[in-house]
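Observations on chain architecture
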Amino acid sequence: MVPAESGEGEIRRRLRSRFRQWVNRRIPPARAVTLDQKRIFIFPSKVGFFFALALLLMLVTAINYQNNMSYALTFLLATLFIIATLHTYANLSGLTIRALRAQPAFPGQQSEFSVQIERTRRRDHFGLRVQWPQSTEGLVNLVEDDRVQVHLHTAVGARGWYTPGRLLLESTYPLGLLRCWTWVDLDLYALVYPQPQSSAELPGLATDKPDGTSIPVMGSDDFYGFRDYRAGDSLRQAHWKGLAKGQGLQSKQYQAYADRSVWLDWEMFGGVGVEQRLSHLCYWALEFNSADQEYGLRIPGAVIEPGTGERHLERVLKELAVYGQERKEP
Amino acid sequence: MTIEQQIPRNALAWIIISLFALILPHAGRIPVWVLGVYVFAAIWRMQVHRGRWSFPGRWVKALLILCGFSGIYMSYGSLIGLEPTVALLLTAFALKLIELVRRKDAFVLLFLGYFVCATEFLFTQDLLVVAYSMLTVTLVTTALVALHRPGEHQFKGNTIRLAAVMLMQALPLMLVLFFLFPRIGPLWTVPLKSHSAKTGVSDFMKPGDISKLSQSDEVAFRVEFDGDIPPRSELYWRGLVFSKLEGGAWMSLPYYNIPVAERRVKPVVTETEPLAYTVIMAPSQQNWLYGLRYARPASPGVMETSDFRLYSPVQLEEDTLYQARSWPDAQLEETLSEWRRLTELQLPERQNPQTLQLARDLRRGVQDNRAFIDAVLARFNTQPYVYTLEPPALDEEDAMDEFLFETRRGFCEHYAYAFVIMMRAAGVPARVVAGYQGGEVNPVNKTVIVHQFDAHAWAEVWLEGEGWVRVDPTAAVSPDRIEWGLEEAVAQEGSFLANSPLSPLHFRSVVWLNMLRLRYDALTYRWQAWVVGFDSDRQFRLLQDVFGQLSAQKFATVLIGAWALVLIPVAISLLLRRSTRKTRPIDRYYRRFCQRMAKLGLEREPGETPRAFAARVQEAAPRLGTQVYNICGLYNELAYSRGPQTRGRPDPRQRQLKRAVRSFRPRKLR
């Protein structure tokens, strides 16, 4: 029994991979895809089969009652079904799907994938459903505007580049009898940061200066004062109350025990696995960032000079995320 | 519920509109309370939509369904038969509205709607009903379209446009299928219209029956003659022959009461040229067909009986078309069998003694049967007998004594009744014939329209050497009835269609109105002859006329050809829409220039700037250099730099560029 079952599974798997190859050849990955007959598939929907059943019933009625008008109505609806094929196809044809951006996320979190659907011909498009295999779905019309943005959320996987798979764009407009769809690979990847993992303390803290004393970074820092908000400052430290009073945006400054740059070094976590090492580095980068402490990153293949701010954090986290990945850029 | 499954408000509005449009043609046929269910369901659903009420629970639904079933059973007395089935379908259709939650439910409801539309055709295929059904189909399709436009929270009238366009596109292909799809017989027996009233002349005639029928202005049948239409006084449409008088009513002989030897049709000599005609009968729920004496069927499925009538083995539930040929002068039954003679002479005992005595007296006074007939007719003619649509009710026992000697007021069936019993009393075989007399000739298409008020009863008498001879006693009383029709005959009385004052037949004197009625009637005839009466026989003939010898190959070619002919233009109109990107005229000119260069083998690379391309051309073909630089320069200036402020009017350099490109027609590079 068991081998037979696994044999069947094997066939199914092989068929699926064969199919995937075929789709890959037919619709190669691209940041923007314009839909044409090579990329659009069409087949009667479940509702369409149900409709066909209803038509069959009407045909039997027409035959049994020898009723010519019932014949006529049955044929009218049957040809409507066929005409609907063209209308359903036209609803997808000429659309361009463009990858916009994917938000980086931590493992297990939701990432937002944004795509844009544009029309290239002057016609109204209705009921366009977009979805990645595991994402939320979007349902849009293109009536007044020539383009519309759709934001879909999906949980990302492990560290590195996460690809949500092929984007499904489908529509059953106008009658629901036919389903017209396409799977496009938008070459859109979300960056997945390492899972932050705390470590009791930062072992072997490395500073710029050899004479640096050990700096306690843990714990809450004392409030020090305000300074004008600069681009790159964490919004968490923005002094919103002051803004509300009309004082202009300012950032709260926290005083660290030592106002020195810290290097987050690969070698700090000796004897730990690669992923765990990245997780610790990630954790500390986040910690320093929230403390508004300058820090740099030194890992094999990448060095980032010390700095602060969200931009800096993003650069650091990205380097951690792509460590060991073949692909460096999306 | 996913967003896709939600029903937009626009769709809900269209669903309710189409629901009521669908029920309208059924309204007269179904119990009134079913209409109540519709209103109730619509109100409930709208209240749900407004958030006031909630959807019914499982038990409430079950209760509603049970109520529906028992209501139908109470109204019709059964659940079997076409009418109860359709009423049940309509009730379920209304109730489905209350549980319309998701798009799935809407699909069920709307497909059921298409089916409801088809059931309407089982009752009538009238031209107006069909035209109306086109509207309802469009409405249902509109609701289906609206269902697929998410986010439309307002009623939108223009949703109907796409539905109408799609149906228009479907129409030609529907016609192809309609005419090509083979017509096969019923696959199994289906419930019949058990609850529809039988109309027309019935097989049971009491004095007063036909005058009642004559109150109706409905069309009984329409006839189209191949040649000239005979004079109306000759148009005696025989439908039934009544040979048996029992309990004061005339009846036809039940088939199984006729001895086997008498059942077959006696041979009739037919030598002269026959009258050929086509009849389209309105559904009567009866078996008999009408024809002029002596009629022989020319259509399959029509039978002939031993008393020379046309007969359909199945009840007429639809408009029915048949063809017949008639020989008005043919002699029928030269010799009468003993059984037939006895049957056609039989009289109930001890009834109408005065009438029978009168008949014997009259017979004694003349030489032969012919003279006897004349004597009876003369009595009707000379004595003060009145032809009236409102005859007084008569006693059942001695009805004719009362009629002949006291009331003296009667309609055709009274005179025929009296005449036949007088003949029989005197030993002359005679019988009553019922059917229609006359008809209205439609000048538009030369058809004869026979209405219910043309119903008539007359007599047939068997004479030695002549066979069965038609005698119409009514003609002796009211010759106008035969010459001009009922309206003229009862004009003084004012009783013509007294119960239907709005009948269009009252307005025959208004010329344009009458013309409109006749034109519509002609259209109805065409419609019935061509569309409603289209059966396998006509289909075969039509296809043979159009395509000659039929072959599968031709069939397929026509089918595929027709489909291509319709689908390709539709596809083109759908897929070749104007692009959303507007091209400026200067881009068009420059592109034309590039095309000309490409023809000479010098193609602009994608991404190559006009200036770089011009430089490349200069290098390859120095001869063209100045022209090319001029064009590229102009294009560059127009495309990338702001020209002088010439609002509204195009930059003059644009025309310069246009001219430069137009005059640029190089033959070769060097």
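Residues numbered from 1 in each chain as written. Chains lettered and ligands numbered in written order. Predicted model: local features only at pLDDT ≥ 70, side-chain atom pairs only at ≥ 80, totals over all residues.

Topic: the overall build of chain B
Convention followed: The way it works is that DSSP assigns letters per residue, a run of H or I at least four long becomes a helix, a run of E at least two long becomes a strand, and they are numbered from the N terminus. The atom set for the radius of gyration is the C-alpha atoms, and the globule formula is 2.2 Å times the number of residues raised to the power 0.38. Three classes are used. A residue is buried when 20 or more other C-beta atoms lie within 10 Å of its own, exposed when 12 or fewer do, and partly exposed in between, with C-beta atoms placed from the backbone. Here, residues touch in the contact sense if the C-beta positions derived from the backbone fall within 7 Å of one another.
Secondary structure assignment for chain B yields 24 helices and 19 strands. Taken against the 2.2 N^0.38 rule, which gives 26 Å for 670 residues, the C-alpha radius of gyration of chain B at 38 Å runs more than 25% over that of a compact globule. Oriented by its inertia axes, the alpha-carbon framework of chain B measures out at about 130 × 70 × 50 Å. Expressed as a percentage of its 670 residues, the buried residues of chain B come to 36%. Partitioning the intrachain contacts of chain B with sequence separation of at least 6 by distance along the chain shows that 73% fall at a separation of at least 24.

Some words on the overall build of chain A
The helix and strand tally for chain A stands at 6 helices and 17 strands. Among the 330 residues that make up chain A, the fraction classed as buried is 36%. Within chain A, residue pairs in contact and separated by at least 24 positions form 68% of the contacts whose partners lie at least 6 positions apart.

Quick word on the environment of Ile82 of chain A
Within the fold, Ile82 of chain A resides in helix α3 (residues 68-92). For Ile82 of chain A and His125 of chain A, which are 43 residues apart along the polypeptide, the C-alpha to C-alpha distance reads 19 Å.

Digging into the sheet that holds strand β5 (residues 249-251) of chain B
Each strand in a sheet pairs with its neighbour through backbone hydrogen bonds, running either in the same direction (parallel) or in the opposite one (antiparallel). Residue and element names in this part refer to chain B. Stated precisely, the cut-off is as follows: A pair of strands counts as paired when DSSP detects no fewer than two bridges linking them.
Spatial strand order, β1-β5-β4: 3 strands in an open sheet with antiparallel pairing. Strands at the two margins of the open sheet, each flanked by one partner only, are β1 (204-205) and β4 (244-246). Bridging between β1 and β5 involves 2 bridges; their strand directions are antiparallel. By the bridge assignment for β5, Phe204 is matched with Met251.

Considering the packing of helix α2 (residues 32-49) of chain B against helix α4 (residues 82-98) of chain B
All names here are of chain B. To keep things clear, this is the line we draw: The axes are straight lines fitted to the C-alpha atoms, using for helices just the contacting stretch, and the angles between their N-to-C directions are given from 0 to 180°. With respect to orientation, any angle under 35 degrees is reported as roughly parallel, any angle over 145 as roughly antiparallel, any angle of 65 to 115 as roughly perpendicular, and every other angle as oblique. A clockwise turn of the near helix away from the far one marks a right-handed crossing, whereas an anticlockwise turn of less than a right angle marks a left-handed crossing. The classification used treats Ala, Val, Leu, Ile, Met, Phe, Trp, Tyr, Cys and Pro as nonpolar, Asp, Glu, Lys and Arg as charged, and all other residues, Gly among them, as polar.
α4 packs onto α2 with a crossing angle of 15 degrees between their chain directions and a minimal axis gap of 7 Å. Here α2 lies roughly parallel to α4, going by the angle between them. With respect to the hand of their crossing, α2 and α4 are arranged in left-handed fashion. Contacts from Val34, Val37, Tyr38, Ala41, Ala42, Trp44 and Arg45 in α2 reach Ala87, Leu90, Thr91, Ala94, Leu95, Leu97 and Ile98 in α4. The residue makeup of the contact of α2 with α4, split by class, is 12 nonpolar, 1 polar and 1 charged.

Quick look at the interface of chain B and chain A
Bring the parts together and some accessible area is lost; that lost area is often taken as the interface size. In this complex, chain B contributes 48 residues to the contact, which on the side of chain A involves 47 residues. Mapped by element, the contributors of at least two residues to the side of chain B that touches chain A are α5 (103-123), α6 (127-147), α7 (159-180), α18 (511-532) and α20 (552-575) of chain B. A total of 9 residues in the side of chain B that touches chain A trace back to one element, the largest contributor, which is α7 of chain B. Residues of the side of chain B that touches chain A, tallied by class, amount to 37 nonpolar, 7 polar and 4 charged.

Re unusual backbone geometry
The omega torsion across Tyr173 of chain A and Pro174 of chain A is 5 degrees, close enough to zero to call that bond cis. Along the chain, Pro174 of chain A turns up in the loop between β9 (167-171) and β10 (178-184). In this chain, Arg293 of chain B is followed by Tyr294 of chain B through a cis amide linkage whose omega measures -20 degrees. You can see Tyr294 of chain B is positioned in the loop between β8 (291-292) and β9 (295-297). One non-glycine residue, Gln285 of chain B, lies in positive phi territory at about 60 degrees. Along the chain, Gln285 of chain B falls in the loop between β6 (275-281) and β7 (288-289). Classification of Gln285 of chain B as partly exposed rests on a count of 15 C-beta atoms within 10 Å. Phi at Arg408 of chain B is positive, roughly 60 degrees, even though this residue is not glycine. Note that Arg408 of chain B resides in the loop between α13 (399-407) and β14 (409-410).

Here's the deal with the sheet that holds strand β3 (residues 236-242) of chain B
Residue and element names in this part refer to chain B. Taken in spatial order, the 5 strands make up an open sheet running β8-β3-β15-β18-β19, and their pairing is antiparallel. Each end of this open sheet is capped by a strand with a single partner; those strands are β8 and β19 (467-471). Relative to β19, strand β18 (residues 455-463) runs antiparallel, the two being bridged by 5 bridges. Following the sheet pairing, Glu460 is matched in β19 by Arg470.

Side note on the nonpolar core
Condition: We define a nonpolar core as a collection of buried residues of the types Ala, Val, Leu, Ile, Met, Phe, Trp, Tyr and Cys that are connected via C-beta atoms lying within 7 Å of each other.
Leu73 of chain A together with Ala143 of chain B are the most contacted members of the largest nonpolar core, which totals 124 residues. The leading source of residues in this core is α3 of chain A, at 15 residues. Excluding residues that lie within four positions of it along the chain, Leu73 of chain A makes contacts with Met58 of chain A together with Cys117, Ala118, Phe121 and Val137 of chain B. Among the nonpolar cores identified, the runner-up in size contains 90 residues, and Val420, Trp462, Val477 and Leu486 of chain B belong to it.

Re the pairing of strand β15 (residues 262-265) of chain A
Residues and elements named next belong to chain A. To be explicit about the condition: Handedness of a crossover is defined as follows: orient the strands so they point away from the viewer, and if the path from the first strand over the helix to the second runs clockwise, the crossover is right-handed.
Side chains Val262 and Leu264 project from β15 onto a buried face, and the interleaved Trp263 and Asp265 project onto a face without burial. As judged from the 4 bridges shared by β15 and strand β16 (residues 295-299), these two strands associate in the parallel manner. Counted as the bridge partner of Val262 is Tyr295 from β16. Between the parallel elements β15 and β16, the chain passes through helix α5 (residues 274-290) in a crossover that is right-handed.

What about the packing of α5 of chain A against helix α6 (residues 310-321) of chain A?
Residue and element names in this part refer to chain A. For the pair α5 and α6, the least separation of the axes is 10 Å and the interaxial angle reads 175 degrees. It follows from the interaxial angle that α5 and α6 lie roughly antiparallel. Touching Leu278, Leu281, Cys282, Ala285 and Asn289 of α5 are Leu313, Val316, Leu317 and Leu320, all from α6.

What about the domain arrangement of chain A?
Residues and elements named next belong to chain A. Under the convention used in this document: Each domain's extent was defined by an automatic or database domain assignment.
Its domain assignment divides chain A into domain 1 (23-192), domain 2 (193-221 + 256-330) and domain 3 (225-255). On the domain 2 side, the residues contacting the 9 residues of domain 1 number 10 residues. Breaking the side of domain 1 that touches domain 2 down by element, the ones donating at least two residues are β8 (160-162) and β11 (190-192).

Notes on helix α1 (residues 9-23) of chain B
All names here are of chain B. We apply this condition: Helices are assigned an expected span. That span is 1.5 Å times one less than the residue count.
Taking 1.5 Å per residue, 15 residues should reach 21 Å; α1 reaches 22 Å between its end C-alpha atoms and fits that length. Every buried residue of α1 is accounted for by Asn10, Ala11, Leu12, Ala13, Trp14, Ile15, Ser18, Leu19, Leu22 and Ile23. Looking at the buried residues of α1, the elements they touch are α2, α4, α5, α6 and α7.

With respect to the confidence of the model for chain A
Residue and element names in this part refer to chain A. Cut-off, in case you're wondering: What pLDDT expresses is the predictor's confidence in each residue, scored from 0 to 100.
Overall, the prediction assigns chain A a mean pLDDT of 80, with 81% of residues at 70 or greater. Confidence scores differ between elements of chain A, with strand β12 (residues 206-207) showing the lowest mean pLDDT of 46 and α3 the highest of 93. Segment residues 1-5: pLDDT under 50, and 0 contacts once partners within four positions in sequence are set aside and those in other chains are kept. Confidence drops under a pLDDT of 50 for residues 206-220, and excluding neighbours within four residues, the segment shows 23 contacts in the predicted structure.

Some points on the environment of Gln315 of chain B
All names here are of chain B. With respect to the helices and strands, the residue Gln315 is situated in the loop between β11 (310-311) and β12 (320-326). Using a count of 17 C-beta atoms within 10 Å as the deciding quantity, one classes Gln315 as partly exposed. The spacing of Gln315 and Pro283 is 32 residues in sequence and 8.4 Å in space, taken between C-alpha atoms. When near neighbours in sequence (up to four residues on either side) are disregarded, Gln315 contacts Gln285, Gln286 and Asn287.

A closer look at helix α14 (residues 412-425) of chain B
All names here are of chain B. Over its 14 residues, α14 runs 20 Å from end to end, which matches the ideal 20 Å to within 8%, given 1.5 Å per residue. Of all the 14 residues making up α14, 14 are buried; the element is thus mostly covered by neighbouring parts of the structure. Downstream of α14 by one or two residues, Gly427 has phi in the positive range, about 85 degrees.

Some words on the pairing of β16 of chain A
All names here are of chain A. Both β16 and strand β17 (residues 302-307) contribute to a ladder of 4 bridges, which runs antiparallel. Residue pairing across strands places Arg298 opposite Val303, the latter belonging to β17. The antiparallel hairpin formed by β16 and β17 contains 2 residues in its connecting segment, where Gly301 sits at a positive phi of about 90 degrees.

Considerations on the environment of Lys104 of chain B
All names here are of chain B. Residue placement: Lys104 occurs in helix α5. Here Lys104 falls in the partly exposed class, since 13 other C-beta atoms lie within 10 Å of it. Along the chain, Lys104 and Ile7 lie 97 residues apart, while their C-alpha atoms are 9.5 Å from each other.

A few points about the confidence of the model for chain B
Per-residue confidence for chain B gives a mean pLDDT of 85, with 96% of residues at or over 70. Our summary of model confidence lists the complex with pTM equal to 0.76 and ipTM equal to 0.77.

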